[in-house]
Amino acid sequence: MEETMRFRPRTTRAEAKTRDAVDAVPRFRQLLPLGIQHLLVAYSGMVTVPLLIGLGVGLSTAQIATLITANVLVSGIATLLQTLGIGNVGVRLPIVMGSTFTGITPAIIVGKEAGLPAVFGATIVAGLLTWLVAPWFSKLIRFFPPIVTGTIIAIIGFSLLPSTATLIAGSNPGAADHGSAGRLILGLGTIVLTVCLERFAPPAVRRFAILIALAVGTLVAIPLGMADFSSVGQADWVGVVRPFEFGMPTFALSALLPMIIVQLVNMVESTGDTLAIGQIVGRDVGPREISRALRADGIGTAFAGVFGSFTVVTFGENVGLVSITKVMSRFVVATAGAVLVLMSLVPKLGAAVASLPGPVLGGVGVVMFGTVGAVGLRIMSQADLSNGRNILIVAISFGFGLLPVGAPEFYQHLPVVVQTVLTSGIAAGGIAAFLLNLVLNRRERAPRTGPEAAPGY
């Protein structure tokens, strides 16, 4: 029974040696830059979520800055909890945590109708419920064979790829340099540099490929006028995130339902990312590991509600970074979490990272998200893809997963609760893969044989 309950990646003898690499602690001269590399890859997402919600609700610039600082703090603490673990909380794998884009629309709607205290109250409840149901939800892993897991992970990666276009081209279509040749070339140059480092650099340099690409791309962008660090001078040196900055949380049913649905979507995504990182580092991931990961999600999310942030989830782009660099130490990612906590106390550091040029971040994003998709395809290939039913699962799931990416307004006339699920390509595609596998690949009763078998049975 245990064999069916666990997702066991196929590993070679060489890959088995990487198991100890998860618990290895690199020397500090490598630990810090490798951790910062993870931080830089994830930071734009950590800033974007509170920025969009703050703008959508109509907050002032100072209030939005408070949301961003709180989100950085919560992401750092959740990352530390996930990587280092406390008791039965935290999967102890190299996983970065941060706010999810799935919760942006529900948070804006609830924030406009009932205020941010209702959003944060619902976030606390959603986190506590996640912690409570984690052991039961984790047992569903037996319904996540490679065809389902690989499909979900591939959708996570490929559905996030279009977001890099906004970073590269610019978020303001009316800007003079929107989609300019300079921005496109800078984004492409970042990708090319990453490929060249992977191809020609020695292994000791290759593991810093993303960090080098970010640094070189930023240096190139400065004389071209594509990098603006003026906000760094305006930011404070010291800042303290206080709980309930926007008032004591309130608990309204109209706010609770959409946030709980968002958290269910997050649980599916976290399960997929945790299975993926297990595949990459050569660790078996079963119900116990998934339960620990989801408990960390739940506590991190509840903590977010207390400090004025939003639901947290595993970051897929950092899963891709582990796959590219082959640096599997969870303590490297824990270092990223510690630096995030430090940045929340020193706003100037956060402002500096937030000022990295969009085309460079977008170029790195293409590599990261594409790698996550490729990891999904690799896991998917463990299933029998000559089987027509498996092909049908992949085809329909990708359809549901990518439809809202190409047509964001497709479900706009449906109820908000339904929109919350279907407009997330990860949720829609993941649910489709899960259900289609149950329908098409359910175990059929084997026909009886021998003399007792009646003719025509």
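Residues numbered from 1 in each chain as written. Predicted model: local features only at pLDDT ≥ 70, side-chain atom pairs only at ≥ 80, totals over all residues. Heavy atoms only, no water.

Peer 1: Can you lay out unusual backbone geometry for me, pointing to particular residues and giving the numbers?
Peer 2: Backbone geometry places arginine 92, a non-glycine residue, at a positive phi of 60°. Among the structural elements, arginine 92 can be located in the loop between helix H4 (61-84) and strand S1 (97-99). For arginine 92, a relative accessible area of 21% translates into the label partly exposed. One non-glycine residue, lysine 326, lies in the positive phi region at around 65°. Turning to its location among the elements, lysine 326 is positioned in the loop between helix H15 (316-325) and helix H16 (330-345). Judged by its relative accessible area of 54%, lysine 326 is exposed. (Helix = DSSP H or I, 4+ residues; strand = E, 2+ residues; numbered from the N terminus. Buried < 20%, exposed > 50% of the residue type's maximum accessible area, 1.4 Å probe, protein only.)

Peer 1: Pulling in residues and values, what's your account of the packing of aromatic side chains?
Peer 2: A full pass over the atoms with the stated rule returns seven aromatic pairs. For the ring pair phenylalanine 144 and phenylalanine 434, a centre distance of 5.6 Å and an interplane angle of 40° mean the geometry is tilted. With phenylalanine 144 in the loop between helix H6 (116-138) and helix H7 (146-160) and phenylalanine 434 in helix H21 (residues 425-440), the pair connects residues that are 290 residues apart, well separated along the chain. Residue classification places phenylalanine 434 among the buried residues on the basis of a relative accessible area of 19%. A connected cluster of aromatic rings, assembled from ring pairs, spans Phe120, Phe246 and Phe310. (Phe/Tyr/Trp six-rings, centres within 6.5 Å; stacked < 30°, edge-to-face > 60°.)

Peer 1: Give me the pattern of salt bridges: which residues, what numbers.
Peer 2: Pairing between side chains becomes possible if they bear opposite charge and their charged atoms approach one another. This model, assessed by the stated rule, comprises five salt bridges. Here aspartate 23 and arginine 330 are joined by a salt bridge, their closest N and O atoms 2.8 Å apart. Linking aspartate 23 in the loop between helix H2 (13-16) and helix H3 (28-57) with arginine 330 in helix H16, this pair joins segments that are 307 residues apart in sequence. Taking the relative accessible area as the measure of exposure, arginine 330 reaches 12% and is therefore buried. In this structure, glutamate 289 engages arginine 288 in a salt bridge whose closest nitrogen and oxygen atoms are separated by 3.9 Å. Take glutamate 289: its relative accessible area is 13%, and that puts it in the buried class. On the basis of relative accessible area, arginine 288 is assigned to the exposed category, the value being 52%. Among the ionic contacts, a cluster of salt bridges with common partners joins Asp23, Arg283 and Arg330. (Salt bridge = Lys/Arg side-chain N within 4 Å of Asp/Glu carboxyl O.)

Taken by themselves, the reported measurements are silent on function.
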